[in-house]
Amino acid sequence: MESSGARGFLPPFAHFATQAIHAGQEPEQWRSGALVPPISLSTTFKQQAPGQHTGYEYSRSGNPTRNCLEKAVAVLDGAKYCLAYASGLAATLNITHLLKAGDTIICMDDVYGGTNRYFRAVAMEMGLNVAFVDCTKPECLDAAITPKTKLVWIETPTNPTLKVIDIQACADVVHKHKGVLMVVDNTFMSAYFQRPLSLGADICMYSATKYMNGHSDVVMGLVSVNCDALYERLKFLQNSLGAVPSPFDCYLCNRGLKTLQVRMKQHFHNALAVARFLESDPRVEKVIFPGLPSHPQHELVKRQCTGCPGMVTFYIKGGLEHAATFLKNLKVFALAESLGGYESLAEHPAIMTHASVPKEDREALGISDTLIRLSVGLEDEEDLLKDLDQALKVAFADRKA
């Protein structure tokens, strides 16, 4: 990678680090002049007269600490507005409440297991129709849209097989149809590597639990938009449904943003080293990483992103027993769900994060017993590679690699 950005990718978004540190954090908004926004734990706020307040009434409706976070994320997303929620799925729930019974959602077929479960087991039970479509092919998306379609849900790169979707091409398809909104789940890329709103998306959402916070100590969701009317509707739902994050979690996530740029650069560096190591290893069947030239959408990701996050997926040779042995013998990588923290994690999607996806769908998507997902953290590169190598040796101790 070049110092100014990743070779062949979009240039970094201008002033990103400065905005991450200063946007929404103005000391002048506090009587004390505090440089670090204070944690406002109060649930209620004194009014000067009935109905006359200083911008805050009740902490579910609005909170000073949450407001600082929302302002900062909006700037990083190139958006006018941002709203914070109690989790990524709480954000998904609020977006889905823009619809009514009988409406149709088109969702990318390869998505986070929790999104799949919510749409199948909750949204559909509430009267919404959900169609799962391969949106890597815009013509398939176009063919799936009907007069009842009101929302298109895209995740790129996808979880866990890291397919990359052309956001601009899908937005062009969606916006040919009046009244259809397009959501991009930007959890994997973070605001540092990808700006979906600039590529035509109507809504950019995150599980901020992952890279945006980056420390594996907060569960939170974020939603950014540019449309005034859409913001007002989502703001109403945020207050009415009540799934808001605590002020302390907002403080932690706001703090996490300050190092987002330096973290994402290192995640990319380490992930690329891991992907190259695995791709050259005879004990590995196939590696999927958008930053490798072997990835089928490598050129696309370079056109719409400034780099790649720390997510690497690969198929280990052998069977389930080899995958399980490999995972159990990792020492630096922790066997755990989630992703995007400073620590390296490894997991088995078919058994762990995507177990709720119907088996036939998992098989069709390539989520097999030998698929392993890595969230490559910020440790020293040599220690990560050494750990992968020793775990592979144990997994194949019964035969020559």
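Before any of the text, the structure's been laid out above.
These lines cover the structure that appears in this document, whether it is placed above or below. Note that the structure is predicted; figures quoted are calculated from it, not measured. (Residues numbered from 1 in each chain as written. Predicted model: local features only at pLDDT ≥ 70, side-chain atom pairs only at ≥ 80, totals over all residues. Heavy atoms only, no water.)

This next bit is on the pairing of strand S4 (residues 149-155). Put simply, side chains in a regular strand alternate between the two faces of the sheet. Judged by how many residues are buried, S4 sits mostly within the fold: 6 of 7 residues are covered. Here 4 bridges tie strand S2 (residues 104-108) to S4, and the two strands are oriented parallel to one another. In the sheet register, Cys-107 faces S4, and the bridge partner there is Trp-153. Relative to strand S5 (residues 181-185), S4 is paired through 5 bridges, and the arrangement is parallel. Paired with Trp-153 across the bridge in S5 is Val-183. For the handedness criterion, the β-α-β arrangement of S4, helix H6 (residues 167-174) and S5 is classed as right-handed. (Buried < 20%, exposed > 50% of the residue type's maximum accessible area, 1.4 Å probe, protein only. Helix = DSSP H or I, 4+ residues; strand = E, 2+ residues; numbered from the N terminus. Pairing = 2+ DSSP bridges. Right-handed = clockwise from strand over helix to strand, strands pointing away.)

The next thing to look at is the environment of Ser-224. Take Ser-224: it is sitting in strand S7 (residues 221-225). Note on Ser-224: relative accessible area 0%, which makes it buried. Once the C-alpha coordinates of Ser-224 and Lys-317 are considered, the two residues, 93 residues apart in sequence, prove to be 41 Å apart. Once you skip the residues sitting within four places of it in the chain, Ser-224 turns out to touch Val-73, Ala-74, Asp-77, Ala-79, Tyr-81, Cys-82, Leu-197, Asp-202, Ile-203 and Cys-204. (Contact = heavy atoms within 4.5 Å.)

Here we take up the sheet that holds strand S10 (residues 334-335). In sheet architecture, strand pairing relies on hydrogen bonds along the backbone and comes in two forms, parallel and antiparallel. Strand order in the open sheet formed by 5 strands is S8-S9-S12-S11-S10, and the pairing between neighbours is mixed. Taken across any chain shown, the strands that pair with only one partner, and hence form the sheet edges, are strand S8 (284-288) and S10. Where strand S11 (residues 345-347) and strand S12 (residues 371-375) come together, 3 bridges link them in antiparallel fashion. Paired with Leu-345 across the strands is Ser-375, a residue of S12. Contacting strand S9 (311-316), S10, S11 and S12, helix H12 (residues 320-328) crosses the sheet at an angle of about 135° to S9. (Axes fitted to C-alpha atoms, helices over the stretch in contact; angles between N-to-C directions.)

Quick look at the packing of helix H2 (residues 64-76) against helix H9 (residues 247-257) now. At a minimum axis distance of 8 Å, the contact between H2 and H9 shows a crossing angle of 35°. As H2 packs across H9, the resulting crossing turns out to be left-handed. Side by side, H2 and H9 meet where Thr-65, Arg-66, Cys-68, Leu-69, Ala-72, Val-73 and Leu-76 of the first sit next to Pro-247, Cys-250, Tyr-251, Cys-253, Asn-254 and Leu-257 of the second. Looking at the contact of H2 with H9, its residues break down into 10 nonpolar, 2 polar and 1 charged. (Left-handed = near helix turned anticlockwise from the far one by under 90°. Nonpolar A, V, L, I, M, F, W, Y, C, P; charged D, E, K, R; others polar.)

On the basis of which strands lie adjacent, the open sheet formed by 7 strands has the order S1-S7-S6-S5-S4-S2-S3 and mixed pairing. Bordering the open sheet on either side are strand S1 (81-85) and strand S3 (129-133), each of which pairs with just one other strand. Within this sheet the neighbouring strands show an average axis-to-axis angle of 20°, counted without direction. Contacts from helix H3 (residues 88-96) reach S1, S2, S4, S5, strand S6 (203-207) and S7, with the element oriented near 150° to S6.

Inspection of every chain in the model, using the stated rule, returns 11 salt bridges. Taking the shortest distance from any N to any O, the salt bridge between Lys-80 and Asp-228 comes out at 2.7 Å. Linking Lys-80 in the loop between H2 and S1 with Asp-228 in helix H8 (residues 228-241), this pair joins segments that are 148 residues apart in sequence. By relative accessible area, which is 49% here, Lys-80 ends up partly exposed. You can call Asp-228 partly exposed: its relative accessible area is 40%. Asp-103 is the salt-bridge partner of Lys-100, the closest N and O atoms lying 3.4 Å from each other. With relative accessibility at 8%, the residue Asp-103 sits in the buried group. (Salt bridge = Lys/Arg side-chain N within 4 Å of Asp/Glu carboxyl O.)

By the secondary structure assignment, Gln-261 is in helix H10 (residues 260-279). Placed 76 residues apart in sequence, Gln-261 and Glu-337 show a C-alpha to C-alpha distance of 24 Å. Setting aside anything within four residues of it in sequence, one finds Gln-261 in contact with Phe-16, Ala-17 and Tyr-192.

Ranked by size, the top nonpolar core spans 121 residues in total, and within it Met-182, Leu-222, Leu-278, Phe-326 and Leu-374 carry the most contacts. Take this core: its biggest share by element is 9 residues, from H10. Among residues more than four places away in sequence, those in contact with Met-182 are Val-152, Ile-154, Ile-167, Cys-170, Ala-171, Val-174, Ala-201, Asp-202 and Ile-203. (Core = buried A, V, L, I, M, F, W, Y, C linked by side-chain atoms within 4.5 Å.)

With that settled, consider a negative patch on the surface. Together, Asp-380, Glu-381, Glu-382 and Asp-383 make up a region of like negative charge exposed at the surface. Asp-380 sits in the exposed class, given a relative accessible area of 51%. (Patch = residues over 30% accessible without salt bridge, like charges linked within 9 Å, V, L, I, M, F, W, Y side chains within 5 Å. Areas by Shrake-Rupley, 256 points an atom, 1.4 Å probe, with all protein chains shown as cover. Lys, Arg positive; Asp, Glu negative; His and termini not counted. Charge placed at Lys NZ, Arg CZ, Asp CG, Glu CD.)

Here we take up the packing of H12 against helix H14 (residues 381-395). At a minimum axis distance of 8 Å, the contact between H12 and H14 shows a crossing angle of 140°. If you check the angle between H12 and H14, you find them oblique. H12 and H14 meet at a crossing whose hand is right-handed. Contacts from His-322, Thr-325 and Phe-326 in H12 reach Leu-388, Ala-391, Leu-392, Val-394 and Ala-395 in H14. Tallied by class, the residues present in the contact of H12 with H14 amount to 6 nonpolar, 2 polar and no charged. (Parallel < 35°, antiparallel > 145°, perpendicular 65-115°, else oblique.)

Compared with the 20 Å implied by 1.5 Å per residue over 14 residues, the 20 Å span of H8 between its first and last C-alpha is a close match. Every buried residue of H8 is accounted for by Leu-230, Tyr-231, Leu-234, Leu-237 and Gln-238. Each buried residue of H8 sits inside an arc of 125° when the element is viewed along its axis, so together they form one side. In this structure, the buried residues of H8 make contact with H2, S1, H3, S5, S6 and S7. Downstream of H8 by one or two residues, Gly-242 has phi in the positive range, about 80°. (Expected span 1.5 Å × (residues − 1). Arc of directions from axis to C-beta.)

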